[in-house]
Amino acid sequence: MSSGTSVDVKHARRRRLRATAKVRARRVETALDKVRVRAAQALTPDPDGMLARRVAVEDAEREVRELDATGRVFTRRDTGARIRTRDTLAAGELAPDADTSDRYEVECLTHHSDPLFFGDAGAAARAAKESDVWCGGCRQLAQVPHSVRARVRKGLTPPAS
Ligand SMILES: [Zn+2]
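Predicted model only: the values in this text are computed from it and were never measured. Per-chain numbering applies: the sequence of each chain, read as written, is numbered from 1 onward. At least 70 in pLDDT is required for a residue's local features to be given in this predicted model, at least 80 for side-chain atom pairs to be given and counted, and no such filter applies to totals for whole chains, interfaces and linings, which use all residues.

**Student:** Break down the overall build of the protein chain for me, with residues and values.
**Tutor:** In terms of regular secondary structure, the protein chain is built from 5 helices and 4 strands. Starting at the N terminus, helices and strands are each numbered in turn, a helix being any DSSP run of H or I of at least four residues and a strand any DSSP run of E of at least two. Each helix and strand of the protein chain, ordered N terminal to C terminal, gives the series α-α-β-β-β-β-α-α-α. Put simply, a residue is buried when 20 or more other C-beta atoms lie within 10 Å of its own C-beta and exposed when 12 or fewer do; between those, it is partly exposed, and each C-beta is set from the backbone. Considering the protein chain as a whole, with its 161 residues, one finds that 24% of them fall into the buried category. Look at the contacts in the protein chain between residues 6 or more apart in sequence, and 51% of them connect residues 24 or more apart. It is the C-beta atoms, placed from the backbone, that decide contacts: two residues are in contact if theirs lie within 7 Å.

This is the structure in structure tokens:
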């Protein structure tokens, strides 16, 4: 039945996930930077909106810094997707002297995405808020017009496939 082999396989899978996730995380950070630059260029100067956005990002970053083992779930207000951010060091999944460059785990619970790992709490928080950059399901949701999303969420129309 359950042998050491399945545990080894699980650990190997976890290691592989972490290794590929690190590369993806770096790509996501680059993509996020581009998205932010584009968003900043597209915005007409709206001091209130900019301030509100900055406060929201700061709040998210503080929340991630205060993460405990169980992590925190953000629900995206625009799409309703739920993104979990976890501190794997606090969860005891990393040895205290381990490389912490993949300490923070971010995954989309709604679409069961492969997790991403970040060494920086702020980067993890930003990735959680902009899951459409790295989660295919979130990207599709983000492309659906808001009015359609609202109707789908109320169950008035089935989601387009
Ligand atoms: Zn998603």
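**Student:** Report on the pairing of strand β3 (residues 104-108), specifying residues and quantitative values.
**Tutor:** When you tally the buried positions in β3, you get 5 out of 5 residues, the bulk of the element. Side chains Y104, V106 and C108 of β3 all project onto a buried face; the interleaved residues E105 and E107 project onto the opposite face, where all are buried too. When DSSP finds two or more bridges between two strands, those strands count as paired. Across 5 bridges, the pairing between strand β2 (residues 82-87) and β3 is antiparallel. Note on β3: the bridge partner recorded for D87 is Y104.

**Student:** How would you explain the environment of V73 if you had to name every residue and give the values?
**Tutor:** Mapped onto the secondary structure, V73 falls in strand β1 (residues 72-75). With 12 C-beta atoms counted inside 10 Å, the residue V73 sits in the exposed group. For the pair formed by V73 and E107, sequence separation is 34 residues and the distance between their alpha carbons is 9.5 Å. Aside from chain neighbours lying at most four places away, what touches V73 is R82, I83, R84 and L109.

**Student:** Give a description of the nonpolar core that names residues and reports values.
**Tutor:** Each nonpolar core comprises buried Ala, Val, Leu, Ile, Met, Phe, Trp, Tyr and Cys residues, the members being joined through C-beta atoms within 7 Å. The biggest cluster of nonpolar side chains holds 21 residues, and the ones touching the most others in it are V106, L116, F118, A124 and A127. Broken down by secondary-structure element, the contributors of at least two residues to this core are α1 (4-42), β3, β4 (116-118), α3 (121-129) and α4 (136-143). Looking at this core, the element that brings in the most residues is α3, giving 6 residues.

**Student:** Please provide a residue-by-residue account of the sheet that holds β2, values included.
**Tutor:** Pairing in this open sheet of 4 strands is antiparallel, and the strands run β1-β2-β3-β4 from one edge to the other. What marks the edges here is a single partner per strand, and that holds for β1 and β4. Ignoring which end each strand starts from, the neighbouring axes of this sheet average 25° apart. As judged from the 4 bridges shared by β1 and β2, these two strands associate in the antiparallel manner. Each axis is a line fitted through C-alpha atoms, and for a helix only the stretch in contact is used; angles between axes span 0 to 180 degrees, taken between their N-to-C directions.

**Student:** Explain the environment of R26 to me, and be specific about the residues and the numbers.
**Tutor:** With respect to the helices and strands, R26 occurs in helix α1. Note on R26: 14 C-beta atoms within 10 Å, which makes it partly exposed. As for R26 and F118, which are separated by 92 residues in sequence, their C-alpha atoms are 8.3 Å apart.

Read these as geometric descriptors, not functional statements.
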